[in-house]
Amino acid sequence: MSEDVRLVAWVRGRVQGVGFRWFTRAKALELGGLSGFALNLGDGRVQVVAEGSRERCEGLLGWLQGDDTPGRVDGVTEIWDTPRGGYDGFAIR
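Residues numbered from 1 in each chain as written. Predicted model: local features only at pLDDT ≥ 70, side-chain atom pairs only at ≥ 80, totals over all residues. Heavy atoms only, no water.

1. A word on the UniProt feature "active site" (unreviewed entry) in the protein
- On the UniProt side, "active site" (unreviewed entry) is annotated at positions that read Arg21 and Asn40 here. These annotated residues cover 20 residues of sequence, but their C-alpha atoms sit close together, with the largest distance between any two at 7.7 Å.
- On the secondary structure map, Arg21 appears in helix 1 (residues 20–31).
- On the basis of relative accessibility, which here comes to 24%, the residue Arg21 falls in the partly exposed class. (UniProt positions renumbered as here; feature names shortened; annotations may be inferred. Helix = DSSP H or I, 4+ residues; strand = E, 2+ residues; numbered from the N terminus. Buried < 20%, exposed > 50% of the residue type's maximum accessible area, 1.4 Å probe, protein only.)

2. Examining the nonpolar core
- Among the nonpolar cores identified, the biggest contains 19 residues, and Val11, Val48, Leu60 and Leu64 are the most heavily contacted of them.
- Mapped onto this core, the elements with two or more residues apiece are strand 1 (4–14), helix 1, strand 3 (46–53) and helix 2 (54–65).
- Top contributing element to this core by residue count: helix 2, with 5 residues.
- Val48 has contacts with Leu7, Val8, Ala9, Val11, Thr24, Phe37, Ala38, Leu60, Leu64 and Phe90, leaving out every residue within four places of it along the chain.
- Of all hydrophobic cores here, the second largest spans 5 residues; its members include Trp10, Phe37, Leu41 and Val49. (Core = buried A, V, L, I, M, F, W, Y, C linked by side-chain atoms within 4.5 Å. Contact = heavy atoms within 4.5 Å.)

3. Thoughts on the UniProt feature "domain: Acylphosphatase-like" (unreviewed entry) in the protein
- UniProt feature "domain: Acylphosphatase-like" (unreviewed entry): in the numbering of this structure it lies at residues 6–93.
- As annotated, residues 6–93 has a helix share of 27% and a strand share of 41%, and its two end C-alpha atoms lie 18 Å apart.

4. Some words on helix 1
- Compared with the 16 Å implied by 1.5 Å per residue over 12 residues, the 16 Å span of helix 1 between its first and last C-alpha is a close match.
- Of all the residues in helix 1, the buried ones are Phe20, Thr24, Lys27 and Ala28. Along the long axis of helix 1, the arc covered by the buried residues comes to 100°, so they all point the same way. In helix 1, the exposed positions angled more than 90 degrees off the buried face are occupied by Trp22 and Glu30. (Expected span 1.5 Å × (residues − 1). Arc of directions from axis to C-beta.)

5. With respect to the packing of helix 1 against helix 2
- Direction vectors running N to C along helix 1 and helix 2 enclose 145°, while the axes themselves pass 10 Å from each other. The element helix 1 and its partner helix 2 pack so that their crossing is right-handed. On helix 2, the residues that touch Phe20, Phe23, Thr24, Lys27, Ala28 and Leu31 of helix 1 are Arg56, Gly59, Leu60, Trp63 and Leu64.
- Residue classes in the contact of helix 1 with helix 2 are distributed as 7 nonpolar, 2 polar and 2 charged. (Axes fitted to C-alpha atoms, helices over the stretch in contact; angles between N-to-C directions. Left-handed = near helix turned anticlockwise from the far one by under 90°. Nonpolar A, V, L, I, M, F, W, Y, C, P; charged D, E, K, R; others polar.)

6. Concerning the packing of aromatic side chains
- Counted under the stated rule, the structure contains 3 aromatic pairs.
- With a centroid separation of 6.1 Å and an interplanar angle of 35°, the aromatic rings of Phe20 and Trp63 are classed as tilted. Taken together, the positions of Phe20 in helix 1 and Trp63 in helix 2 put the pair 43 residues apart, joining distant regions of the chain. A single burial state applies to Phe20 and to Trp63, both of which are buried.
- Consider the rings of Trp22 and Phe23, whose centres lie 4.9 Å apart with planes at 80°: the pair is edge-to-face. (Phe/Tyr/Trp six-rings, centres within 6.5 Å; stacked < 30°, edge-to-face > 60°.)

Below you can see the structure in the form of structure tokens.
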């Protein structure tokens, strides 16, 4: 059984105003078993917080780093932590 983890990722590039948060939520729901959110930051990045199995969080991170995202991703910085809970599904903030 896969351990539950917390992924926090900051996505740089042209990721605001292109539906990036909506598609991130859709991908999280497609992967299943993830809770958290996607949030536009004032500096133009999108912050993604996801909690769930390591395998599913790694799947979301792979998508964030891939070529199938809307807009243009120039880079992703991530940290891994223990889950904190408190999320009801995966939200757009």
